[in-house]
Structures are given as C-alpha cells and as structure tokens.
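# Geometric and topological summary
Take a look at the letters that make up each chain.
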Amino acid sequence: MNPRPKRPIDRRLLAALAEHPVMASLVGAEMADRFTTTSTPLGILASVPLGDLAATVQRTVAAGKIVFVNMDSTPGLGHDPGALTYLKGIGAIGICSTRAAIIERAGGLGLLAMQKVFVTDRSNLRRSLQSVARSQPDLVQLMPAIVLRYMERQARDLGVPYLAAGFVQGTQDVAEALQHGAAGVCTSDEGLWELRRSALRVS
C-alpha cells in the first residue's frame, strides 16, 4: 500500500512561528481574553466550559489569532465527528488532541490540527512517531520539553513542525528548544508570550 501524500505545511503557521516562537497555552476564558490583547498570534485553548466555548473562540478569531481548541481538555466536548463539526461551526480554526483519529478527521473538515505527544520512553516514542506519520497533523506538540535533547533526530524525521511543551519557564528554555530543532514552544507563562525570535540567541 502506498503511503498517504504528506499534507502541505500551513503557511500561516510557518509565518507566525518565524517571528513568534511562543504559542500561548490558554487555561480558561479569562486567560484567553488577556491573550487577545498581545502581539503573539498563536494559542491553545483549554478548560473552557462548553457553554462558554463559542464566545471565547469567536473573541480570539475577531482578534486575528490562530487558536487550537484542546479537545482533550474541554469539559463537555466529545471526541467524535460531531464535536469536530461543532467546532467548525462556531468558527474554530484548529484543534489539538492526543487522538490520531481526531487529527485525521480534522484535516478533512478544513481545520488545522495539532497532535499532542507525551514521550515517556523509547518504545513510547516509536509508537508516537508511527501515529504522527499516519495522522499527518499540521503541528506536533512534544511533551515534556526536556526530551528534545534526547530525541532531536527522531523529531526532525517527523517532517512536521514541532513545538516543545511542559516546564518551559524562561527564555533559556525557549532558546534550547529551538536549538534542538523545535519550531517553537507552548507555555502558559504570560511573561514569555510576546517573546520574538530575534531576541533569542540560537546557534
């Protein structure tokens, strides 16, 4: 069986990450509202109750942001085609999930998709890489960030831009992730959100 053709990398994501290497992790509607006043263009939205989700998503879109809804951390939201259709209907631009089937379906609906991968050991890493190869997300979120120093080659072989997340607490953590091949990082540390790539020393 021939492998599926790779999805082209979304130019909006590449352009945003080229200047802004920090994707904001937004926990709750209040944090999302603060995010809309910043210059950083990318975010992941989590822990917003279903009843508040549409209005929160629409505020981020109106502010010109590209926000991924974390389907695994949205109370009341399922993991089925109906949930994806709902998100598309309320104006969501992208979704984030650990579930490969959800990632595959999202692309078919025209949603951007970010696959979250938790790396705990080498066998887990191998399975995760195989899952990403099948689902072909627009972005991969690798957790925790510290594993990048041990798996840089494998991460580069993904052929998909990847972001480091988990325990990203300062500019040095951001610079280290970029040095190991990451396109950026994800963090809830609001002090890092507006960090520009030009402000970092990356060899």
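Here's a quick rundown of the structure. If you're wondering where the values come from, they're calculated on a predicted model, not measured in any experiment.

Quick look at the overall build of the protein now. Along the backbone of the protein there are eight helices and eight strands. Taken over the C-alpha trace, the protein has a radius of gyration of 16 Å; the compact-globule value for 203 residues is 17 Å, and the two agree within 12%. Counting all 203 residues of the protein, 51% fall into the buried class. Taking the intrachain contacts of the protein between residues at least 6 apart in sequence as the baseline, contacts between residues at least 24 apart amount to 55%. Total accessible area on the protein stands at roughly 9700 Å², and carbon and sulfur atoms take up 53% of it. For the protein, the distance from the average position of its 22 positive side-chain charges to the average position of its 17 negative side-chain charges is 7 Å.

Among soluble globular proteins, nonpolar side chains are generally buried collectively. Core analysis: the biggest nonpolar cluster contains 51 residues, and Leu87, Ile95, Leu142 and Val174 have the highest contact counts within it. Considering each element in turn, this core owes the most residues, four residues, to helix H8 (residues 171–179). Ignoring any residue separated from it by four or fewer positions in sequence, one finds Val174 in contact with Pro21, Val22, Val168, Val185, Leu192, Leu195 and Leu200. Judged by nonpolar contacts, the second largest core, of 18 residues, contains Ile66, Leu163, Ala165 and Ala183.

It is worth spelling out the side chain of Gln115 at this point. Here Gln115 shows up in strand S5 (residues 112–118). Its relative accessible area of 2% is what places Gln115 among the buried residues. Polar contacts involving the side chain of Gln115 include one to the side chain of Ser135, which spans 2.3 Å. Those residues in contact with Gln115 that sit more than four places away from it in its chain are Ser97, Thr98, Ala100, Ile103, Ser131, Val132, Ser135, Pro137, Leu139, Val140 and Gln141.

This brings us to helix H4 (residues 81–89). What H4 keeps buried is the set Ala83, Leu84 and Leu87. Axial view of H4: buried residues confined to an arc of 100°, hence all on one face. At the C-terminal side of H4, Gly91 shows a positive phi close to 95°.

Attention now goes to the pairing of strand S6 (residues 139–143). Most of S6 is tucked away, with five of its five residues classed as buried. Going residue by residue along S6, you find Leu139, Gln141 and Met143 tucked away on one face and Val140 and Leu142 tucked away on the opposite face as well. Pairing between S5 and S6: five bridges, direction parallel. Its bridge partner being in S6, Met114 is matched across the sheet by Leu139. Once the chain exits S5 it traverses helix H6 (residues 122–135) before rejoining the sheet at S6, and the crossover so formed is right-handed. Sheet topology note: the S6/strand S7 (residues 162–165) ladder contains three bridges and is parallel.

This part is about the sheet that holds S7. Ordered in space as S1-S2-S3-S4-S5-S6-S7-S8, the eight strands form a closed barrel in which the pairing is parallel. Here the average twist between neighbouring strands, direction ignored, is 25°.

A word on the pairing of S5. When you tally the buried positions in S5, you get six out of seven residues, the bulk of the element. Relative to S5, strand S4 (residues 94–97) runs parallel, the two sharing four bridges. Bridge assignment links Cys96 to a residue of S5, and that residue is Met114. You can see the chain leave S4, run along helix H5 (residues 100–108) and come back into S5, and the turn it takes is right-handed.

A complete count under the given rule lists one aromatic pair for this structure. With a centroid separation of 6.1 Å and 90° between ring planes, the pair formed by Phe35 and Trp193 is classed as edge-to-face. Residue Phe35 is found in helix H2 (residues 29–35), and its partner Trp193 is found in the segment after strand S8 (184–187); the two are separated by 158 residues along the sequence. Accessibility expressed as a relative area gives 0% for Phe35, which makes it buried. In this structure Trp193 comes out as buried when scored by relative accessible area, which is 1%. Here Lys65 stacks its cationic end above the ring of Phe35, 5.2 Å away from the centre of that ring.

About the criteria used
Residues numbered from 1 in each chain as written. Predicted model: local features only at pLDDT ≥ 70, side-chain atom pairs only at ≥ 80, totals over all residues. Heavy atoms only, no water. Helix = DSSP H or I, 4+ residues; strand = E, 2+ residues; numbered from the N terminus. Rg over C-alpha atoms; globule rule 2.2 N^0.38 Å. Buried < 20%, exposed > 50% of the residue type's maximum accessible area, 1.4 Å probe, protein only. Contact = heavy atoms within 4.5 Å. Areas by Shrake-Rupley, 256 points an atom, 1.4 Å probe, with all protein chains shown as cover. Lys, Arg positive; Asp, Glu negative; His and termini not counted. Charge placed at Lys NZ, Arg CZ, Asp CG, Glu CD. Core = buried A, V, L, I, M, F, W, Y, C linked by side-chain atoms within 4.5 Å. Polar contact = N/O pair within 3.5 Å; in protein donor to acceptor, adjacent residues only side chain to side chain. Arc of directions from axis to C-beta. Pairing = 2+ DSSP bridges. Right-handed = clockwise from strand over helix to strand, strands pointing away. Axes fitted to C-alpha atoms, helices over the stretch in contact; angles between N-to-C directions. Phe/Tyr/Trp six-rings, centres within 6.5 Å; stacked < 30°, edge-to-face > 60°. Lys NZ or Arg CZ within 6 Å of the ring centre and 35° of its normal.

Everything listed here is a matter of geometry and, on its own, says nothing about what the molecule does.
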